[in-house]
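Chain by chain, the residues run as shown.
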Amino acid sequence: MTAVSCTFCNLAMFSKYIFAEDERFYFVATPGQITDGGYALIIPKRHVRCLGALEEQEIPLLEKAIDRCATALSREYGESVTIFEHGVVGQTIPHAHLHLAPVKYDFAAQLARDFPYNGVANLANWNDLRIAYGKSDMPYLLSQHNTKGLYVCWNPNAQPQYLRIVLANALGRPERANWRTMDPEIDKRLVQKTISRLKLYFS
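Reading guide: rules and limits
- Residues numbered from 1 in each chain as written.
- Predicted model: local features only at pLDDT ≥ 70, side-chain atom pairs only at ≥ 80, totals over all residues.
- Heavy atoms only, no water.
- Helix = DSSP H or I, 4+ residues; strand = E, 2+ residues; numbered from the N terminus.
- Rg over C-alpha atoms; globule rule 2.2 N^0.38 Å.
- Buried < 20%, exposed > 50% of the residue type's maximum accessible area, 1.4 Å probe, protein only.
- Contact = heavy atoms within 4.5 Å.
- Expected span 1.5 Å × (residues − 1).
- Arc of directions from axis to C-beta.
- Polar contact = N/O pair within 3.5 Å; in protein donor to acceptor, adjacent residues only side chain to side chain.
- Core = buried A, V, L, I, M, F, W, Y, C linked by side-chain atoms within 4.5 Å.
- 1 Å grid on protein atoms, 1.4 Å probe; cavity = no way out; pocket = protein on both sides within 12 Å on 5 of 7 lines; lining within 4 Å.
- Points joined across faces, edges and corners; volume = space filled by probe spheres on them.
- Nonpolar A, V, L, I, M, F, W, Y, C, P; charged D, E, K, R; others polar.
- Salt bridge = Lys/Arg side-chain N within 4 Å of Asp/Glu carboxyl O.

A few words now on the overall build of the chain. Summing up its helical and strand segments, the chain has 5 helices and 8 strands in all. Beginning at the N terminus, the succession of helices and strands in the chain can be written as β-β-β-α-β-β-α-β-α-β-β-α-α. Rg of the C-alpha trace for the chain: 16 Å, near the compact-globule value of 17 Å for 203 residues, within the 12% margin. For the chain, the C-alpha atoms occupy an extent of roughly 40 × 35 × 35 Å along the three principal directions. Relative to its full complement of 203 residues, the chain shows a buried share of 52%. In the chain, the share of contacts with a sequence separation of at least 24, taken over all contacts with a separation of at least 6, comes to 65%.

Moving on, we come to helix α4 (residues 162–170). With 7 of 9 residues buried, α4 is to be regarded as a mostly interior element. Taken together, the buried positions of α4 are Tyr-162, Leu-163, Arg-164, Ile-165, Val-166, Leu-167 and Ala-168. On the buried face of α4, the contacting elements are β4 (82–87), β5 (98–101), α2 (108–114) and β7 (140–145). Gly-172, located one to two residues past α4, shows a positive phi value of around 75°.

A word on helix α5 (residues 184–198). Along its 15 residues, α5 runs 21 Å from first to last C-alpha, staying within 8% of the 21 Å computed at 1.5 Å per residue. When α5 is considered as a whole, its buried residues turn out to be Asp-187, Leu-190, Val-191, Thr-194, Ile-195 and Leu-198. Buried residues of α5, viewed axially, fall in a sector of 135°; they line one side. If you check the start of α5, you find a side-chain oxygen 3.0 Å away from the backbone N of Glu-185, and it comes from Asp-183.

Further remarks concern the nonpolar core. One finds Phe-19, Ile-42, Cys-69, Leu-100, Trp-126, Leu-129 and Tyr-140 to be the most contacted residues of the largest nonpolar core, which totals 48 residues. Residue contacts for Trp-126: discarding those within four places in its chain leaves Leu-51, Ile-59, Leu-62, Glu-63, Ile-66, Leu-98, Leu-142, Gln-144 and Leu-150. Counting residues in hydrophobic clusters, the runner-up holds 20 residues, among them Phe-84, Tyr-105, Leu-163 and Leu-167.

What follows deals with the layout of surface pockets. Size it by volume and the largest pocket reaches roughly 300 Å³. Lining the largest pocket are 20 residues, and of these Phe-8, Thr-30, Pro-31, Ile-93 and Trp-179 sit closest to its centre. Class assignment for the residues of the lining of the largest pocket results in 10 nonpolar, 9 polar and 1 charged.

Here we come to unusual backbone geometry. The residue Val-88 is not glycine, and still its phi comes out positive at about 85°. Secondary-structure assignment places Val-88 in the loop between β4 and β5. Using a relative accessible area of 22% as the deciding quantity, one classes Val-88 as partly exposed. With phi around 65°, Gln-161 is a residue other than glycine that occupies positive phi space. Among the secondary structure elements, Gln-161 is positioned in the loop between β8 (150–154) and α4.

Another point: the pattern of salt bridges. Evaluation of the coordinates by the stated rule reveals 7 salt bridges. Between Glu-58 and Arg-24 there is a salt bridge, with the nearest N and O atoms lying 3.4 Å from each other. One end of the pair, Glu-58, is in the loop between β3 (40–44) and α1 (59–77); the other, Arg-24, is in the loop between β1 (18–21) and β2 (25–29), with 34 residues separating them in the sequence. On the basis of relative accessibility, which here comes to 5%, the residue Glu-58 falls in the buried class. Among the residues examined, Arg-24 registers a relative accessible area of 30% and is labelled partly exposed. A salt bridge links Arg-173 to Asp-36, with the shortest nitrogen-to-oxygen separation between them at 3.0 Å. Taken together, the positions of Arg-173 in the loop between α4 and α5 and Asp-36 in the loop between β2 and β3 put the pair 137 residues apart, joining distant regions of the chain. Judged by its relative accessible area of 21%, Arg-173 falls in the partly exposed class. Owing to a relative accessible area of 44%, Asp-36 belongs among the partly exposed residues under this scheme.

Set out below in structure tokens:
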């Protein structure tokens, strides 16, 4: 897919979900609210396939964006924040987008169980991910909890939306796993509430 045909490169296709933006990133209330609101995406404005493919000078800006969004989620929803990315693996839109959900969940054990031959590496920070991805160009699944180290499973044979499915099942909401088939009325209400609650932190 080229940038021209990419959903996240066409602002008209997702602008109604944006609650904030900065120089490099959009902050978006994602369709398919697995949690009862507060489920957000951070999307690079530049077309890049995954966050591991960001350039070195973009990493501090990503870290700032993550801190800003995670802080807003934690303050507004009173929860710790779980972060994850389908680093090309299981993406339904082939443009980098980081998921942030106001819920406590650790994917590392599930990744180790589901992909025992791939292993789960612990990376210290986002620049380490950039370096590792730059050397291997290998797809990955990534998770982070409370902005501690990154857990990365390299090259797993995972189904589309794998991490969403795992989280939805863990929360007892398997019907919300697929953002395309979630009840549209419930989702619309949760998305609108998420936008109205979070945009106050970015004004």
